[in-house]
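# Structural features, examined
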Amino acid sequence: MNDPTMQPNTWIDVSRAALTHNIDVLRTASRRAGGEPVLCVMVKGNAYGHGLLPAAQALLDAGTHWLAVHDISEVQTLRHAGITAPIYVVGYLSPDQARAAVRMDTRFVLYDAQVLIAAAEEARSLGKLARVHVKVETGNNRQGLRHEAALALCRLVANTPGALLEGLATHFADIEDTTDHRFANRQLERFRQTADAIHTELGLTERLLVHASNSAALLLWPDVVGKMARFGIAAYGLWPSKETWLSVCELGQKPVELRPALTWKTVIAQIHDVPAGEYVGYGRTWRAVRNTRVAVLPVGYYDGYDRGLSNIGKVLVGGVRAPIIGRIAMNMTMIDVTDSATARVGAEVVLLGEQTTPDGNDSDRISADETAAWLGTIHYEVVTRIAEHIERRLVS
Ligand SMILES: *Cc1c(COP(=O)(O)O)cnc(C)c1O
């Protein structure tokens, strides 16, 4: 946008350098296994809040081989933007949507014969292939088929002209929420049993793309499960959890350095003095115990700035923390800048991410982790909840 008056007052900088760094270290770490796994990065959830198109482009530039999305509309957005890289859909497709996936040269998770039949028919009529990845249920009980049913569906794929059994997938239920990975290992055992049975029966050993490694698995076990790693949060520079980080240390490995790629910014819209004894915001939930300088930020829960941060969260002004006071409103948030030397109208404020002091000698960070702790949730939710209308700018 060239018209400066049309510049948004709250936006997100996405660091291309951070994304590139993360893909580099994850690629290098997973090479320890000796192989060259396919890197499939999840860009569902608006690329974990980083902006589907800018993030996808930067991730591909960094050497990501495949992108994974949740549904067909994300495929359409990526293809319309001219992205030709392989795309894998992990979520629900109706039979008609599976036909559309075939038309857009997109592979997808499979657990339903009707979807296969529709996709294969579309593929035959276009002289294409419906590339499917059968999902094996190993303990998450969210999506997929247990051993016998998965085998039966694989047989059906093998016998359906126009269809190709390209991959076999499963998903961990309890890998990032714990330092005890016995259940994850049990899931892997089950997955291997199914994979072995398919190999034995259908003889697909060389070609089949077996995949299960999400971020936690990739960080814990550099030996990628199968041939492809299918991960999200680590690509954006966030550890899946403290438990994952601890487990890596306990395993005697040096944790890789991941760099958070997202900085959510806004500017101060107004500064005013509130006398001691006055209240701030809806519901009068905050009362000044001293004469207070209050700054107003043009951001609120409409933008995905969670109302749960009212009176709890902090932001950065001039590289120093300032507390949120009163209730976060739909489009406005108030902060206490009494102790800030740099607060002025128009000054940049960081809601999420790092900011340095004006002299450049110090900095602080409001991490997605810390924000999640304030909210009683996980950082996955913090970043993906940032509203889609907030502009994402790819910066160097
Ligand atoms: C989101 C998702 C992933 C990625 O998980 P991370 O913890 O972000 O690495 C992998 N597989 C499936 C099926 C997913 O839905």
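Per chain, residue numbering runs from 1 following the sequence as it is written. Note on the predicted model: pLDDT of at least 70 is required for a residue's local features to be given, and 80 or more for side-chain atom pairs to be given and counted; whole-chain, interface and lining totals, by contrast, use all residues. As a convention, hydrogens and water are excluded, and side-chain values are obtained from all of the structure's heavy atoms.

## Observations concerning the overall build of the chain
Numbering of helices and strands runs from the N terminus, with a helix taken as a DSSP run of H or I at least four residues long and a strand as a DSSP run of E at least two residues long. Counting its secondary structure elements, the chain contains 12 helices and 20 strands. Radius of gyration here is computed from C-alpha atoms only, and the compact-globule reference equals 2.2 Å multiplied by the residue count raised to the power 0.38. Expected size for 396 residues packed as a compact globule is a radius of gyration near 21 Å; at 24 Å, the chain falls within 12% of this value. Taking the principal axes of its C-alpha atoms as reference, the chain extends roughly 80 × 50 × 40 Å. For the exposure calls, accessible area comes from a 1.4 Å probe over protein chains only, and a residue counts as buried if that area is under 20% of its type's maximum, exposed if over 50%, partly exposed in between. Out of the 396 residues belonging to the chain, those deemed buried represent 53%. The Shrake-Rupley method, run with a 1.4 Å probe sphere, supplies the accessible areas, and residue values consider only the shown protein chains as cover. Only carbon and sulfur atoms are counted for the fraction: they give 49% of the accessible area of the chain, which is about 17700 Å².

## So, the sheet that holds strand β9 (residues 228-231)
Strand order in the closed barrel formed by 8 strands is β2-β3-β4-β5-β6-β7-β8-β9, with parallel pairing between adjacent strands. On average, each strand axis in the sheet is tilted by 30° relative to the strand beside it, whichever way the strands run. Relative to β9, strand β2 (residues 38-42) is paired through 4 bridges, and the arrangement is parallel. Pairing of Leu39 across the sheet is with Ala229, part of β9. Here the rule is simple: two strands pair whenever DSSP picks up at least two bridges between them. Each axis is a line fitted through C-alpha atoms, taken for helices only over the stretch in contact, and angles between the N-to-C directions span 0 to 180 degrees.

## Focus on the packing of helix α3 (residues 52-61) against helix α4 (residues 72-80)
Running from amino to carboxyl end, α3 crosses α4 at an angle of 65°, the nearest separation of the two axes being 10 Å. By crossing handedness, the relation of α3 to α4 is classed as right-handed. In this structure, α3 contributes Leu52, Leu53 and Ala56 to the contact, and α4 contributes Glu74, Thr77 and Leu78. Amino acids outside the nonpolar list (Ala, Val, Leu, Ile, Met, Phe, Trp, Tyr, Cys, Pro) and the charged list (Asp, Glu, Lys, Arg) are all regarded as polar, and Gly is one of them. A per-class count over the contact of α3 with α4 returns 4 nonpolar, 1 polar and 1 charged. Note: crossing handedness is left-handed where the near helix turns anticlockwise from the far helix by less than a right angle, and right-handed where it turns clockwise. It only takes one pair of heavy atoms within 4.5 Å for two residues to be counted as in contact.

## Observations concerning the site of the ligand
Near the ligand you find 13 residues, and of these Lys44, Tyr48, Ser215, Arg230 and Tyr380 are the closest. Under this definition, polar contacts are N or O atom pairs within 3.5 Å; protein pairs additionally need one hydrogen-donor-capable and one acceptor-capable atom, and for neighbouring residues in sequence, both atoms have to be side-chain atoms. One of the side-chain nitrogen or oxygen atoms of Ser215 is found 2.5 Å away from an oxygen atom of the ligand. A distance of 2.9 Å separates an oxygen atom of the ligand from a polar backbone atom of Ile233. For the ligand, the protein covers 93% of the area, taking 390 Å² as the surface of the free molecule. Counting only elements with at least two residues in the shell around the ligand, the list comes to α2 (44-48) and β9. In terms of residue class, the shell around the ligand is made up of 5 nonpolar, 4 polar and 4 charged. Here a residue is near a molecule or strand as soon as one of its heavy atoms is found within 4 Å of it.

## Looking at a nonpolar patch on the surface
Taken together, the side chains of Tyr301, Tyr302 and Met330 present a nonpolar region at the surface, about 320 Å² in accessible area. Note that Tyr302 resides in the loop between β14 (292-297) and β15 (314-317). Under the relative-accessibility criterion, Tyr302 is labelled partly exposed at 48%. Exposure above 30% relative accessible area and the absence of a salt bridge qualify a residue for a patch, where like charges join within 9 Å and nonpolar side chains (Val, Leu, Ile, Met, Phe, Trp, Tyr) within 5 Å. A side-chain nitrogen of Lys or Arg and a carboxyl oxygen of Asp or Glu constitute a salt bridge if their distance falls within 4 Å.

## A closer look at the domain arrangement of the chain
Structurally, the chain comprises domain 1 (16-250) and domain 2 (262-366). The gap between the C-alpha centroids of domain 1 and domain 2 is 40 Å. Annotation comment: domain bounds sourced from an automatic or database domain assignment.

## What to know about the nonpolar core
Here, the term nonpolar core denotes a set of buried Ala, Val, Leu, Ile, Met, Phe, Trp, Tyr and Cys residues that are joined through side-chain atoms within 4.5 Å. Phe108, Leu168, Tyr236, Trp264 and Val315 are the most contacted members of the largest nonpolar core, which totals 123 residues. When residues of this core are assigned to domains, at least three map to each of domain 1 (16-250) and domain 2 (262-366). Formed by 8 residues, the second largest nonpolar core is a distinct cluster that contains Val274, Val294, Ile325 and Met334.

## Considering the environment of Glu381
Following the sequence through the fold, Glu381 ends up in helix α12 (residues 379-384). It is 24 Å that separates the C-alpha atoms of Glu381 and His211, two residues lying 170 residues apart in sequence.

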